[in-house]
Amino acid sequence: MKKKFLGSLVAASVLTTGAMAHFQMLYTPESALEKPTTIELRHVFNHPFADEHTMDVAGIESFVVISKEQQKSLMDTLKPIEFKGNTNSGKGYASTYQARRMGDHVFVVTPTPYFEKNEDAYIQQITKMMVNVAGAPTDWDATLGLKAEIVPLTKPYAIWAGGTFTGIVMSEGKPVPFAEIEVEYLNHDVDLKTNSMGKAHVEAPQDSFVTMGIKANKDGEFTFGIPKAGWWGFVALGVGPDTEYKGKELSQDALIWVQAKEMK
Amino acid sequence: MKKVIVASLLAASSLLAHSALMSCFDNGDGTVTCEGGFSDGSSASGTNFFVRQGGNVLITGRMDQHSEFTFKKPEGAFEAVFDAGEGHQVVIQGKDIAQ
């Protein structure tokens with residue numbers, strides 16, 4: 001009886017968060033680069049599948065790139081932009097990066113916590129995204145020891161549509177058993193010239209397909225089958241050690257973006 | 001004895017399974033840097049590298065401890081070649097090397 005009650009409590013909390021599936025986008029068009037390339041990046045806080053609301057990015061606490069185990073701050077590359085979603089506009093950032101060295105370039109952005117009025121709580125999504133130059137693997141599988149982090153066991157830039165992505169949810173470098181994870185497909189093209197979202201590619205048959213709720217196993221590990229080419233976001237909710245910000249509840253989340261390619 | 005054979009078989013199969021990789025960029029100061037590597041992440045330090053123009057080899061050497069080789073950019077068309085043995089050669093055309 002007690003178990004059942006707990007179960008429904010968990011379900012209720014999943015439903016609540018599911019309805020508010022925010023994703024920190026760290027977007028670039030191409031993650032598998034053939035040769036050294038200067039890439040465009042966009043930092044936007046929205047709902048990548050439904051795009052029903054674009055939030056303001058409250059600010060950026062840190063933005064770094066790790067390549068061949070060397071970390072470099074990219075804070076001085078950030079330029080404020082207004083990003084147009086299909087419903088409204090929100091404050092975001094644009095930046096460019098010269099991906100010159102062969103290998104992996106792992107970006108990590110830590111936004112300033114965002115106040116979500118509907119939940120009377122703050123959300124901070126520590127977000128990882130990576131690009132690779134010329135196919136040599138260097139840093140993609142590193143555990144960076146972030147407060148909240150998804151460590152990939154699959155190269156996030158080398159996934160065929162129909163393949164899978166496996167990751168481990170970590171909190172300060174330690175696996176988080178049974179972590180709650182939300183998965184969304186970036187269901188719109190991003191126009192880098194106009195800083196806007198295009199029309200939706202696919203329609204969800206029901207709300208559970210908009211933000212898909214999955215869970216990690218006892219070792220904090222999860223696998224997700226990727227049905228379609230494009231960007232997919234995975235966010236593990238509230239796994240970071242910080243639970244309070246400015247006297248209110250804080251959900252410190254771990255987010256990773258992966259990009260699947262059509263087999264053609 | 002048997003053990004030794006198994007070990008050498010394994011080494012051979014891993015050599016075949018990975019592919020040789022190279023990426024080059026123009027440093028903007030009249031030099032070009034080429035980085036070599038393998039798809040399994042292993043180092044290319046000590047691997048042969050050369051630059052050729054037509055049928056002539058202009059520059060030859062080995063990848064350094066960072067799996068890199070920097071050379072003076074030749075005038076005209078050239079090719080940078082990462083030579084990790086038969087079936088493991090990567091060729092990049094000079095015209096495809098940008099800053």
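Above this text sits the structure in question.
This structure is a prediction, so every number in the text was calculated from the model and none was measured.

A.B. asks: Could you give me a rundown of unusual backbone geometry, with the residues and numbers involved?
C.D. replies: Residues and elements named next belong to chain A. Positive phi, close to 50 degrees, is recorded for K68, a residue that is not glycine. Looking at where K68 falls in the secondary structure, it is placed in the loop between β4 (60-67) and β5 (70-73). Under the relative-accessibility criterion, K68 is labelled partly exposed at 34%.

A.B. asks: Would you mind going over the pattern of salt bridges in detail, with residue names and values included?
C.D. replies: Applying the stated criterion to the full structure yields twelve salt bridges over all chains. The salt bridge partner of R101(A) is E68(B), with a shortest N-O separation of 2.4 Å. Of this pair, R101(A) sits in the loop between β7 (89-99) and β8 (103-111) while E68(B) sits in strand β5 (residues 68-72), on two different chains. By relative accessible area, which is 31% here, R101(A) ends up partly exposed.

A.B. asks: Describe the side chain of R42(A), and please don't skip the residues or the numbers.
C.D. replies: Residue and element names in this part refer to chain A. Relative to the assigned elements, R42 resides in strand β3 (residues 37-46). Side chain to side chain, R42 and N195 meet in a polar contact 2.6 Å long. For R42, the residues in contact, after removing those within four places along its chain, are M25, L26, Y27, I81, Y93, A94, S95, L192 and N195.

A.B. asks: How would you sum up the state of the cysteines? Please name residues and give values.
C.D. replies: A covalent bond between the sulfur atoms of two cysteines is referred to as a disulfide. Residue and element names in this part refer to chain B. Taken as a whole and judged by the stated rule, the model has one disulfide over all chains. In this model C24 forms its disulfide with C34; the gap between the sulfur atoms is 2.3 Å. Classification of the bridge connecting C24 and C34 rests on its S-S torsion, roughly 105 degrees, and on that basis the disulfide is right-handed. In this pair, C24 is assigned in strand β1 (residues 20-26) and C34 in strand β2 (residues 31-38), connecting sequence segments ten residues apart. In this pair, the class of C24 matches that of C34, namely buried.

A.B. asks: Describe the interface of chain B and chain A, and please don't skip the residues or the numbers.
C.D. replies: Tallying the contact residues gives 18 residues for chain B and 13 residues for chain A. Between chain B and chain A the total buried area reaches about 1,100 Å² when both faces are included, carbon and sulfur atoms providing 50% of it. For chain B, the biggest contributors to the area lost against chain A are S23(B), F25(B) and E35(B); these three give 41% of the whole. Our count for the chain B to chain A interface comes out at three salt bridges. Across the pair R101(A) and E35(B) runs a salt bridge, and its minimum N-O distance is 3.4 Å. Sort the elements by how many residues they give to the side of chain B that touches chain A and β1(B) lands first, with six residues. Within the side of chain B that touches chain A, the residues separate by chemical class into five nonpolar, eight polar and five charged.

A.B. asks: Give a detailed account of the nonpolar core, specifying residues and quantitative values.
C.D. replies: Counting residues in hydrophobic clusters, the biggest one holds 42 residues, and the most contacted among them are L41(A), F63(A), Y97(A), F107(A), M129(A), L186(A) and W257(A). Core analysis: the second largest hydrophobic core is formed by 34 residues, I66(A), F165(A), F222(A) and A260(A) among them.

A.B. asks: Which residues make up the sheet that holds β5(B), and what values go with them?
C.D. replies: Residue and element names in this part refer to chain B. Spatial ordering of the open sheet is given by β1-β2-β5, a layout of three strands whose pairing is antiparallel. What marks the edges here is a single partner per strand, and that holds for β1 and β5. Neighbour to neighbour, the strand axes of the sheet diverge by 20 degrees on average, direction disregarded. Two elements, β2 and β5, share five bridges in a ladder whose sense is antiparallel. Bridging from a neighbouring strand, V32 pairs with F71 of β5.

Parameters at a glance
- Residues numbered from 1 in each chain as written.
- Chains lettered and ligands numbered in written order.
- Predicted model: local features only at pLDDT ≥ 70, side-chain atom pairs only at ≥ 80, totals over all residues.
- Heavy atoms only, no water.
- Helix = DSSP H or I, 4+ residues; strand = E, 2+ residues; numbered from the N terminus.
- Buried < 20%, exposed > 50% of the residue type's maximum accessible area, 1.4 Å probe, protein only.
- Salt bridge = Lys/Arg side-chain N within 4 Å of Asp/Glu carboxyl O.
- Polar contact = N/O pair within 3.5 Å; in protein donor to acceptor, adjacent residues only side chain to side chain.
- Contact = heavy atoms within 4.5 Å.
- Disulfide = S-S within 2.5 Å.
- Buried area = accessible area lost by both parts, 1.4 Å probe.
- Nonpolar A, V, L, I, M, F, W, Y, C, P; charged D, E, K, R; others polar.
- Core = buried A, V, L, I, M, F, W, Y, C linked by side-chain atoms within 4.5 Å.
- Pairing = 2+ DSSP bridges.
- Axes fitted to C-alpha atoms, helices over the stretch in contact; angles between N-to-C directions.

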